[in-house]
Structures are given as structure tokens and as C-alpha cells.
Amino acid sequence: MNNRLRRIGIILIVVLVVPALLFISFELTSLNSNEKVIEKIYESQLDAILFSVNQYSQDIMESWAGKIEEDITSGNAEANIKKITDENNSIDGVLIGDAANYKILNAYGKASGDNYRINFMDSLIKNNKSIVGRLVGYQQSGFRKLEPVKADSSEAILFFTFNNDKLHDKFCILLVNSEIFIEKVLAPKIKSVSGNEFLIYILSVSKNYSFDNDPVIPVDKIRTRKAMWLLPGFNLGILLQGETIDSMVKQRAITNLALIVILIIVLLFGIYIVFKNVRREIEISQMKSDFVSNVSHELRTPLSMISMFAETLEMGRVRTEEKKQEYYGIISQETARLSRIVNSILNFSRIEAGKRNYNFVDTFLNDIVENVFSSYKVHLAQNGFEAILDKDDSIPVQKLDEEAVSEAFMNLLDNAVKYSKENKKLLVRTGFGNGLSFVEVKDYGIGIPKEDQNKIYEKFFRVGSGLVHNVKGTGLGLSIVKHIVEAHKGIVELESEPGKGSLFRLKFPLRKNKN
Ligand code: ADP
């Protein structure tokens with residue numbers, strides 16, 4: 001049986017667990033890769049938003065550069081440049097330098113007349129000759145590029161050359177107040193692109209800017225950062241408003257994991273149920289084959305006794321009348337035993353087929369018990385049993401199927417005789433209480449182990465299968481008893497201890513049965 005079970009266990013694992021685990025691992029990896037694709041798309045979207053903010057800053061400053069170029073060539077440079085710096089208060093000043101000698105030629109706006117600043121720019125040009133040289137190269141190729149030279153929280157310094165041929169030996173320095181530029185020029189743009197979905201921040205070493213009126217900037221949560229093209233030293237950062245993609249991914253992973261765990265539990269539970277049922281089926285088939293051999297044995301014993309004694313009588317070998325009577329007695333006893341076995345098998349098959357009918361009529365339980373007991377007394381005495389009947393004569397009349405209750409009671413007496421050893425004592429008691437009448441049979445026999453006490457009512461079940469006791473039986477008696485008692489809406493109780501004996505109690509309701 002163990003081998004069969006092991007084989008079924010292996011088949012279950014191969015057929016159910018392996019595909020399920022493969023499916024789960026496939027699901028998990030495909031989930032991960034889906035999540036990665038989503039994250040990639042999301043990140044490139046964030047990049048595009050930050051790109052648009054950078055592009056916008058560049059467009060603004062390019063437009064200033066174009067304006068300055070126009071103004072320088074217009075005859076009234078001073079007044080015109082003053083106009084731009086007045087209109088755009090993030091422009092701190094405009095300086096024109098000599099590209100050949102690396103010298104400041106003119107200063108406009110707030111820078112004009114600021115000698116300290118002019119001198120500082122002079123030395124800045126000298127320290128950044130390569131940038132000027134590169135810009136001149138761009139100019140010769142016909143395009144203008146704004147090149148940031150220095151930027152901090154207070155000021156950004158941008159070099160650019162002109163597209164105009166007349167200004168080929170000159171270059172321009174644009175001084176931009178970073179803070180004003182961010183707050184006045186960039187803030188409205190950032191607010192318009194971020195909408196309700198994103199939070200965009202500008203971060204620098206000295207000061208971080210938030211554009212959603214929230215003073216707390218979750219710096220460590222910002223995943224996508226991009227340097228600002230024209231304000232080096234400043235970074236643009238972005239994250240999703242409310243839930244971040246990280247927490248969404250985490251949430252989904254947790255939900256998926258929970259679902260998978262539930263799936264595994266359900267699967268294991270299913271396997272457990274299947275396995276339990278299969279084990280039960282195997283046990284039943286084992287019990288059935290035991291049953292067949294037990295029944296054959298049960299039938300063979302009385303048959304051989306009958307034939308042996310009948311033959312002896314037939315051959316006229318028995319001399320005394322006394323002996324003859326004894327042999328007749330044995331033959332009729334064994335015939336009764338045979339018919340009991342056959343009856344119990346027939347009754348059982350009727351129960352199994354759902355065809356057993358009961359005929360409930362007004363009866364005294366005591367009458368049934370007394371009838372069976374008195375006809376059984378001889379058999380008990382022959383087997384060396386001391387049997388005591390203790391009746392409660394006040395048990396009221398009740399609806400019982402006399403034949404069925406007799407059969408159940410007889411089964412208990414039979415078992416008490418079969419499963420007693422040296423201590424051949426039997427107590428039968430009747431009584432009533434709590435709306436129930438009862439008959440109990442107590443023996444001092446081998447008893448029933450605790451773990452088997454629930455199983456003995458199962459069809460074909462026998463304790464220890466011949467190891468604990470060598471008594472033959474069909475394993476049907478108690479299942480018939482239980483069926484009979486339950487048909488009366490009653491209950492079977494058992495108190496038993498191995499080695500000390502057993503007490504079976506059949507309880508029947510005193511109120512009228514419906515059927
Ligand atoms: P069986 O034909 O084997 O007696 P039953 O259904 O009557 O079948 O009983 C089931 C099993 O319960 C028996 O095989 C026996 O092991 C146990 N059993 C029943 N009655 C007693 C008892 N009075 N004392 C000890 N064991 C009992």
C-alpha cells in the first residue's frame with residue numbers, strides 16, 4: 001500500500017506541482033520584465049519633460065542673445081541694451097569683449113561703470129581663452145552658441161559670439177541672476193508642464209526650489225535628475241505626484257506575491273485532499289479484500305461444523321440420546337450463526353443501496369432487550385459468561401423498529417463475547433434521561449485503542465486487522481448498529497480502554513419519531 005501511495009504522490013507532484021511551479025516562475029519573470037519596460041517608458045517620459053524645461057531656458061537666453069546682437073549693431077546700443085535689462089530683471093549685465101585680445105570693451109546695464117565686475121570679467125576671459133577660441137570657431141562656421149562659463153546660486157555667466165559679420169572680432173558676456181531667472185522665468189513654465197501629475201524641482205548645492213508650495217523636498221526620492229544646460233551647478237529633478245512608480249511597482253509585486261502564495265496554498269490543499277481521498281480508497285480496497293477473506297472464513301467454520309456433526313449423526317455412530325441432542329444443538333447453533341452472518345451481509349448491502357426500511361411502532365425498549373437477552377442467555381452460559389441484566393422498568397413506551405433494535409443490541413452482545421478473554425463478565429443495563437432511553441452493554445475484554453474509537457463504525461474496519469485480536473469478523477456489525485441507531489435519530493456512545501473493556505451505549509429518543 002505504501003508503494004502505491006508513494007507512486008500516486010510522485011504522479012501528483014509531477015502532474016500538478018511541477019507545471020504549477022513552472023507557471024508561477026514564468027509569471028514572476030514576465031511580471032518583472034513587464035515592470036522594467038513600464039519603468040523604461042516612464043523614465044524616458046520624465047527625461048522628455050526635463051528636456052523641455054532645459055530647452056525653454058535655452059530659447060529664452062537665445063532670444064536675449066539675438067536681441068543684444070541686434071542692439072549692438074543698431075547705432076544706439078547703450079539705450080537699447082538698457083531696455084532689455086530693464087525689461088528682464090534676471091539679466092544682471094551685458095559686456096562686449098575683444099575676441100582677439102581677450103579684453104572687455106564695453107559694459108551695459110547694471111555692469112556698466114562697475115569696475116570691480118569689469119576687472120573680474122577681464123581676468124575670467126583670460127582664464128577661459130579656450131572657450132572664447134571655440135566660440136569664435138562656431139562663429140566662423142556661421143552659428144551662435146551660448147556657453148556657460150560659471151554658474152552658482154547668485155549668477156550665471158554665459159559667453160557667446162555673434163552671427164553678424166560686423167561683429168566677427170567681438171564676443172558677448174551675458175550675466176544672468178540665477179535666482180531671479182529660476183523664480184521669474186522658469187517657475188511659470190515648470191508649473192505649466194508639471195500639471196497635477198509631476199513634481200519638478202531645481203536643485204543646487206546651496207538652494208533647492210520646489211514649485212508646488214511644499215517646503216519639504218523629497219530629495220532622496222527624486223530618481224531622474226538632469227543638469228541644466230545653461231545653469232551648470234543646477235539640476236532638474238522630477239518625480240510622480242502622489243504615488244511613485246517605485247511604490248506602485250512594490251505594491252503590485254506584493255499583490256502578485258500574495259496571489260501566488262494563495263495559489264500555492266490552494267494547490268497544496270488540493271493535493272492534500274486528493275492524496276487523502278486516494279489513501280482512503282486504497283484503505284477501503286484493502287479492507288474489502290480483508291472482508292472477503294474474513295467472510296469466507298466466517299462461513300467456512302459453521303459449515304464445516306454442521307457437515308461434520310450431520311455426517312456423524314447420519315452414519316449412526318452416536319450411541320447415546322444425550323450426545324445426539326448435543327450434536328443437534330450444535331448444528332442448530334451453527335445454522336443460526338450462519339444465518340446471522342448472511343443476514344448481516346444482506347442488511348448491510350440493503351443499507352448501502354439505501355433500501356433498508358424501518359417500521360417504527362410503539363414499543364418498550366425493555367421488552368426488546370429482555371427478549372434478546374433471554375434467547376441469548378444460553379449461548380452466553382455455554383461460552384462461560386456471567387451476564388447480568390439491570391433494567392429500569394419505568395422507561396416509557398416509544399417508537400422503535402423492534403427487529404432493527406434487536407439486531408443492533410445482538411451485535412453488541414456478539415462483539416462483547418467475541419472480544420472478551422479471561423474476564424468473561426457482561427453487564428447489560430437500560431435506563432432513560434434527557435429525552436432519551438438507552439441500553440448499554442459492558443464487557444471486560446480487550447478494549448479499543450483511542451485512535452480507533454471513531455473508525456470502528458466505518459464499513460469493513462477492524463482494529464489491528466488480526467494483530468491485536470485473532471477473532472474473525474466481517475467489520476460490518478458496528479456500521480449496521482450505527483445506521484440503525486441513526487435511523488431512529490439516536491446516538492451511539494462508547495467508553496473503552498484497551499485491556500480493561502468496553503461499554504457501548506445505544507440511545508433512542510423518547511419523543512415521537514416523524515417517520
Ligand atoms: P467485526 O465483525 O470485526 O466484529 P464490527 O463492526 O462489529 O466488526 O466491529 C468492528 C471492530 O471493532 C472489531 O473488529 C473490533 O476490533 C472492534 N470492537 C467491536 N466491539 C468490540 C468490543 N466489545 N471490544 C473490543 N473491540 C471491539
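Calculation notes
Residues numbered from 1 in each chain as written. Predicted model: local features only at pLDDT ≥ 70, side-chain atom pairs only at ≥ 80, totals over all residues. Heavy atoms only, no water. Pairing = 2+ DSSP bridges. Helix = DSSP H or I, 4+ residues; strand = E, 2+ residues; numbered from the N terminus. Axes fitted to C-alpha atoms, helices over the stretch in contact; angles between N-to-C directions. Contact = heavy atoms within 4.5 Å. Domains from an automatic or database assignment. Phe/Tyr/Trp six-rings, centres within 6.5 Å; stacked < 30°, edge-to-face > 60°. Buried < 20%, exposed > 50% of the residue type's maximum accessible area, 1.4 Å probe, protein only. Lys NZ or Arg CZ within 6 Å of the ring centre and 35° of its normal.

A. Seen up close, the sheet that holds strand S7 (residues 208-210). Spatial ordering of the open sheet is given by S7-S6-S9-S8, a layout of four strands whose pairing is antiparallel. The strands lining the two open edges of the sheet, one partner per strand, are S7 and strand S8 (224-227). Direction aside, the axes of adjacent strands within the sheet are offset by 20° on average. Both S8 and strand S9 (residues 234-240) contribute to a ladder of four bridges, which runs antiparallel. Bridge pairing links Arg-225 to Gly-237 in S9. Here helix H5 (residues 178-194) sits on the sheet and contacts strand S6 (198-204), S7 and S9; the angle it forms with S6, its principal contact strand, is near 160°.

B. Highlighting the domain arrangement of the protein. For the protein, the assigned domains are domain 1 (2-179), domain 2 (270-353) and domain 3 (357-509). Each of domain 1 and domain 3 has a C-alpha centre, and these two points are 99 Å apart.

C. Quick peek at the packing of aromatic side chains. One pass over the full model with this rule turns up eight aromatic pairs. Ring geometry for Phe-160 versus Phe-162: centroids 5.6 Å apart, planes at 75°, classification edge-to-face. Summarising the aromatic geometry, the rings of Phe-309 and Tyr-327 are spaced 4.6 Å apart at their centres and angled 65° between planes, so their arrangement reads as edge-to-face. Here Phe-309 is found in helix H6 (residues 245-314), whereas its partner Tyr-327 is found in helix H7 (residues 321-352), with 18 residues between them in sequence. A relative accessible area of 12% places Phe-309 in the buried class. Assessed through its relative accessible area of 17%, Tyr-327 is described here as buried. The ring of Tyr-444 has Lys-425 sitting right over it, with the charged end atom 5.2 Å from the ring centre. Taking NZ or CZ as reference, Arg-505 lies 5.9 Å from the ring centre of Phe-438, over its face.

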